[in-house]
Structure formats: structure tokens, C-alpha cells
Amino acid sequence: MLQPLKEEELNEIYTWVDQIPLSRPKKNIARDFADGILMAEIMHYFLPKLVDMHNYSQANSVKQKKYNWDTLNTKVFKRIGFTLSKEQVDSVISCQSEAVERVLKFVQAKLEYYLENNTNSAEKQPQQADSQIAPPPLLANEWQKDQQIFELRETIEVLEQKLHRMDELMKQKDAKILRYQQLLQQNGLL
């Protein structure tokens, strides 16, 4: 089980989010971010060329929320070097305690790293340079550990899917073998 975030960490996250102009006011951060729209707006604020806001629509249904988050994962996060795990996305969509704060902290660290290390970052973030908003520094080890945990969970998920697929193939193969054995017996060849 994950340790609760410290008050100081929560305040840093909330301060960072409050500095970014968003299309709707933040009332309940867990519900506000559940559909992925505000996360897309944050990414658009820092990387406007990378995020097409027309790809995201406000959602109440879990299906549409997942679509928005999947779009963020494939069209934005993956292009800057990371993705969120299914568990992370599901926990945000279902408004689990501190889930969105953990994701925001993780995305903030990844975004900060990308902006610092990307040679074109000055071109891609004119709004940030103009308003002099910079993400607060994060402990490198902490977000590296979080990233490693998420990557390992993702690997486990992929391996479990492969194992499930192998089980299905084995069952199909066993069924075919049984069918051929029956045909051979019917024809007196076995």
C-alpha cells in the first residue's frame, strides 16, 4: 500500500495546478481531473504543439473518461517518454484518495524532466517562459522510484496478458488435438 502524501507535497501540487489557467474552476480535485480534460489542459499549457484539445471531451461515462486518458497516454505522455499504468488511470477515474495528486506529482516530475532535457523545450513552452511559472523541484530518487514501480506494474500487466493469451492458445490447441483424435478413431486410423 502506498504511503499517504505529506501535507507539504500536497500543497506543492495544489500550488502548481493553481498557477496554470484551466477552463473550469477546481472544486473537488479528484472529480475535476477524473475525465482527463484538465490534465490535457495542463499538458497543452506546457506543450501546446503536442496537445490537440479537440481530442478530449468532457465526460461522465467511464468509457469516455478512459478514452480521454488513453488519448493522453498514447498521443502525449508516450511522446515525452512515459505512460501512466492502467491502475493509475483507473484510480484517477474512480476518484480514489490521493490518486490524482500522485498522478499530478508524477506527471509534473516527468514534464519538468522533459522540459529541462529537450533541446526544443524553449520553443514548446512560450507560455511558461512568459509567466515564469516553473514546477517546484522534486527529489529525483522519489519520482524515479515511482516511475520504476509504474513500469514494473506495466510489465507485469503485459506479462499477465501474454500468459492469458497463451492459456487461450493452449486450450484451442488441446481442442484441435482432441477433435483430430476423434476423427482418426471414427475413420479407424487410431
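An unreviewed UniProt entry lists the protein chain under the name Calponin-homology (CH) domain-containing protein, with Paramecium primaurelia as the source organism.

Draft legend 1. Highlighting the overall build of the protein chain. From N to C terminus, the protein chain includes nine helices and zero strands. Going residue by residue from the N terminus, the α and β elements of the protein chain occur as α-α-α-α-α-α-α-α-α. Counting only contacts in the protein chain whose residues sit at least 6 apart along the sequence, the fraction spanning at least 24 positions is 64%.

Draft legend 2. Just the nonpolar core, in detail. Met43, Trp69, Phe77 and Leu104 are the most contacted members of the largest nonpolar core, which has 41 residues in total. Element by element, the count of residues in this core is highest for helix H6 (residues 99-117), at nine residues. In contact with tryptophan 69, other than residues within four places in its own chain, are Phe33, Ala34, Asp35, Gly36, Met39, Phe77, Leu84, Val89, Val92, Ile93 and Val103.

Draft legend 3. Inspection of unusual backbone geometry at higher detail. With phi around 55°, cysteine 95 is a residue other than glycine that occupies positive phi space. Here cysteine 95 is to be found in the loop between helix H5 (86-93) and H6. Of note in this structure, glutamate 98 is not a glycine but carries a positive phi near 60°. Residue placement: glutamate 98 occurs in the loop between H5 and H6.

Draft legend 4. Main features of the environment of glutamate 9. Among the secondary structure elements, glutamate 9 is positioned in helix H1 (residues 7-18). Given a relative accessible area of 15%, glutamate 9 falls into the buried group. Residues glutamate 9 and lysine 105, 96 residues apart in the sequence, show an inter-C-alpha distance of 8.3 Å. Side-chain polar atoms of glutamate 9 contact the backbone nitrogen of lysine 6, separated by 2.7 Å.

Draft legend 5. Region of interest: the UniProt feature "coiled-coil region" (unreviewed entry) in the protein chain. Mapped onto this numbering, the UniProt entry gives "coiled-coil region" (unreviewed entry) at residues 149-186. In this annotation, residues 149-186 is assigned 100% helix and 0% strand; the end-to-end C-alpha distance for the span is 55 Å.

Draft legend 6. Seen up close, the side chain of glutamate 41. The residue glutamate 41 is located in helix H3 (residues 37-46) in this model. The buried charged residue glutamate 41 lacks any salt bridge partner; its closest oppositely charged side chain belongs to arginine 24, at an N-O distance of 6.1 Å. Contact partners of glutamate 41, with chain neighbours within four places excluded, come to Leu22, Ser23 and Met53.

Draft legend 7. The packing of helix H4 (residues 62-77) against H5, seen in detail. In the contact formed by H4 and H5, the axes pass within 10 Å of each other and the chain directions differ by 135°. In terms of axis orientation, H4 runs oblique to H5. Along this stretch, H4 crosses H5, giving a crossing that reads as right-handed. For the pair formed by H4 and H5, the contact residues are Val62, Lys65, Lys66, Trp69 and Asn73 on the first element and Lys86, Val89, Asp90, Val92 and Ile93 on the second. Within the contact of H4 with H5, the residues separate by chemical class into five nonpolar, one polar and four charged.

Draft legend 8. Up close: a nonpolar patch on the surface. A cluster of nonpolar side chains, contributed by Leu184, Leu189 and Leu190, occupies part of the molecular surface with about 330 Å² of accessible area. Structurally, leucine 189 is set in the segment after helix H9 (140-186).

Draft legend 9. Just the packing of aromatic side chains, in detail. Taken as a whole and assessed by the stated rule, the structure comprises four aromatic pairs. When the ring of phenylalanine 82 is compared with that of phenylalanine 106, the centres are 5.5 Å apart and the planes differ by 90°; the resulting orientation is edge-to-face. Of this pair, phenylalanine 82 sits in the loop between H4 and H5 while phenylalanine 106 sits in helix H6, and the two are 24 residues apart along the sequence. Neither phenylalanine 82 nor phenylalanine 106 differs from the other in exposure class; each is buried. Each residue in the set Trp16, Tyr45 and Phe46 is aromatic and connected to the rest through ring pairs, giving one cluster.

Definitions and limits used
- Residues numbered from 1 in each chain as written.
- Predicted model: local features only at pLDDT ≥ 70, side-chain atom pairs only at ≥ 80, totals over all residues.
- Heavy atoms only, no water.
- Helix = DSSP H or I, 4+ residues; strand = E, 2+ residues; numbered from the N terminus.
- Contact = heavy atoms within 4.5 Å.
- Core = buried A, V, L, I, M, F, W, Y, C linked by side-chain atoms within 4.5 Å.
- Buried < 20%, exposed > 50% of the residue type's maximum accessible area, 1.4 Å probe, protein only.
- Polar contact = N/O pair within 3.5 Å; in protein donor to acceptor, adjacent residues only side chain to side chain.
- UniProt positions renumbered as here; feature names shortened; annotations may be inferred.
- Lys, Arg positive; Asp, Glu negative; His and termini not counted.
- Salt bridge = Lys/Arg side-chain N within 4 Å of Asp/Glu carboxyl O.
- Axes fitted to C-alpha atoms, helices over the stretch in contact; angles between N-to-C directions.
- Parallel < 35°, antiparallel > 145°, perpendicular 65-115°, else oblique.
- Left-handed = near helix turned anticlockwise from the far one by under 90°.
- Nonpolar A, V, L, I, M, F, W, Y, C, P; charged D, E, K, R; others polar.
- Patch = residues over 30% accessible without salt bridge, like charges linked within 9 Å, V, L, I, M, F, W, Y side chains within 5 Å.
- Areas by Shrake-Rupley, 256 points an atom, 1.4 Å probe, with all protein chains shown as cover.
- Phe/Tyr/Trp six-rings, centres within 6.5 Å; stacked < 30°, edge-to-face > 60°.

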